[in-house]
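Understanding the architecture of this molecule
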Amino acid sequence: MAMASLYRRSLPSPPAIDFSSSEGKKIFNEALQKGTMEGFFRLISYFQTQSEPAYCGLASLSVVLNALSIDPGRKWKGPWRWFDESMLDCCEPLEVVKEKGISFGKVVCLAHCSGAKVEAFRTNQTTIDDFRKFVMKCSTSENCHMISTYHRGVFKQTGSGHFSPIGGYNAERDMALILDVARFKYPPHWVPLKLLWEAMDSIDDSTGKRRGFMLISRPHREPGLLYTLSCKDESWISIAKYLKEDVPRLVSSQHVDSVEKILSVVFKSLPSNFNTFIRWVAELRIAEDTKQNLSAEEKSRLNLKQVVLKEVHETELFKHISKFLSTVGYEDSLTYAAAKACCQGAEILSGCSSKEFCCRETCVTCVKGPGEAEGTVVTGVVVRDGSEQNVDLLVPSTQTDCECGPEANYPAGNDVFTVLLLALPPQTWSGIKDQALMHEMKQLVSMASLPTMLQEEVLHLRRQLQLLKRCQENKEEEDFAAPAF
């Protein structure tokens with residue numbers, strides 16, 4: 001039985017001009033000579049085809065984030081950290097995107113959540129002259145890229161709403177290069193900028209709002225060095241609600257007369273799976289590196305994580321939380337956390353479910369780095385179907401001087417709980433009836449008292465929380481700005 005199928009589409013020309021045509025090459029060379037193709041080479045190095053018919057927004061964002069060399073902080077496949085469409089799921093479930101596509105606001109939300117700096121505009125929020133200036137800005141820089149969302153019909157193309165990166169600009173001809181991520185359908189092509197503006201100046205039926213464009217650039221440093229929020233588990237919605245709505249209500253409605261009582265109220269009502277919502281990040285080492293000293297790059301990343309961990313341990317809030325957790329019998333060990341992480345590492349390396357793995361034993365060792373500085377490596381012996389596999393994790397640590405000598409401290413529940421409370425909005429504690437206690441609690445979580453790197457870590461978590469709240473309340477189409485605190 002014959003099955004209907006399509007092999008590409010003929011690019012309607014005019015108005016578009018195929019990038020690989022003689023005329024397209026001429027336009028490219030002209031723009032190259034004028035310096036308005038600077039962003040092109042980064043984008044084309046990481047250009048990809050959308051893996052699903054409705055994944056144009058996710059594919060466009062993946063291309064741009066990788067072109068900007070933003071570290072996602074989590075694995076893609078094997079040991080590699082790399083942005084892929086499948087990882088962009090914190091603002092909309094992939095199943096929904098696969099079926100219905102994704103809105104402009106949710107792509108902006110995803111860009112924020114992924115750690116990028118984002119400026120986004122609908123056409124009714126700016127002008128064609130400003131748009132032209134933004135296109136020129138991105139085309140003359142390697143550090144800023146543009147994603148446009150537009151209606152294909154304006155270009156006489158089949159289909160409707162679409163996302164793609166803008167790869168360059170020819171100022172003399174006033175033409176923009178669309179790097180169409182639906183490469184199975186149309187090749188990259190040049191279009192008149194005025195026509196691109198007209199295509200963006202259309203209504204998205206799913207939101208009732210106009211389309212537009214976003215400028216994406218790198219943050220000053222990689223966010224989420226040691227801690228990050230994870231939204232892959234559906235429980236994030238209930239956990240985010242607890243943190244943003246229930247905690248303020250609990251501390252204001254119950255009689256609390258000490259910091260320990262506040263911690264007790266918050267901790268005892270935490271959803272049981274909150275530890276899947278906020279995590280500390282360990283780095284997986286590939287097998288051929290396990291017997292080698294740390295590279296300069298590994299040591300640099302480890303040092304930054306260790307600075308953040310040390311700064312958390314030095315906060316007064318951490319001391320209160322450690323004391324409280326010790327009184328309630330809370331136990332958290334590197335061995336247990338490492339065993340779970342090693343199973344997850346084995347899953348990444350093999351592609352099999354972590355439920356199929358069991359960590360038989362773990363071993364903590366030290367390795368040398370440049371300058372003979374040490375790093376901690378946890379080796380787990382992971383078993384699956386009778387076969388064993390060694391998985392190595394590079395773990396940050398700090399040292400505390402004790403009577404019996406230096407004692408190593410690793411990421412654990414007490415520091416995770418600390419940064420989680422630091423990341424809550426300051427007004428969380430405004431309902432505490434005891435004014436002196438409220439003032440004390442606000443001092444403990446005050447950003448002003450935190451060192452710079454810890455401030456940035458906490459602000460990143462706050463931004464993630466605020467963005468998730470927008471999505472939960474369906475407000476991501478109304479507010480594109482990064483959360484301000």
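Residues numbered from 1 in each chain as written. Predicted model: local features only at pLDDT ≥ 70, side-chain atom pairs only at ≥ 80, totals over all residues. Heavy atoms only, no water.

For the chain, the name recorded in an unreviewed UniProt entry is glutathione gamma-glutamylcysteinyltransferase, with Brassica cretica as its organism.

1. Describing the sheet that holds strand β5 (residues 144–151)
Basically, it comes down to this: Paired strands are those between which DSSP finds at least two bridges. Helix and strand labels come from DSSP, where a helix needs a run of H or I of at least four residues and a strand needs a run of E of at least two; each type is numbered from the N terminus. We call two residues contacting when some pair of their heavy atoms lies within 4.5 Å. In this analysis, axes come from line fits to C-alpha atoms, helices being fitted only over the stretch in contact, and the angle between any two N-to-C directions falls in the range 0 to 180 degrees.
A sheet is described by the order of its strands in space; here 7 strands give the open sequence β1-β8-β7-β6-β5-β11-β4, paired in antiparallel fashion. In this open sheet, the two edge strands, each paired with only one partner strand, are β1 (17–18) and β4 (117–122). As defined by bridge partners, strand β7 (residues 175–178) adjoins strand β8 (residues 189–192) across 4 bridges and the pair is classed as antiparallel. Bridge pairing in β8 links Ala-176 to Val-191. Relative to the sheet, helix α5 (residues 104–113) contacts β4, β5, β6 (161–170) and β11 (212–217), its axis offset from that of β4 by approximately 170°. Across the face of the sheet, helix α6 (residues 128–139) comes into contact with β4, β5, β6 and β11 while running at roughly 135° to β5.

2. Considering the packing of aromatic side chains
Here is the rule: For Phe, Tyr and Trp, where Trp contributes only its six-membered ring, two rings pair if their centres lie within 6.5 Å, and the inter-plane angle classes them as stacked under 30 degrees, edge-to-face over 60, or tilted in between. When a residue's accessible area, from a 1.4 Å probe over protein chains only, is under 20% of the maximum for its type it is buried; when over 50% it is exposed; and in between it is partly exposed.
Counting across every chain of the model gives 14 aromatic pairs. On the numbers, 5.8 Å between centres and 50° between planes, the contact of Phe-134 with Phe-213 is tilted. Highlighted residues: Phe-134 in helix α6 and Phe-213 in strand β11, separated in sequence by 79 residues. Taken individually, Phe-134 and Phe-213 each receive the classification buried, so the pair is uniform in this respect. Taken together, Phe-121, Phe-131, Phe-134, Trp-197 and Phe-213 form an aromatic cluster joined through their ring pairs.

3. A look at the environment of Asp-415
The topology assignment puts Asp-415 in helix α13 (residues 413–422). Sequence separation between Asp-415 and Leu-317 is 98 residues; the distance between their C-alpha atoms is 9.4 Å. If we skip the residues at most four places from it in the chain, Asp-415 touches Tyr-227, Leu-309, Val-312, His-313, Phe-318 and Tyr-410.

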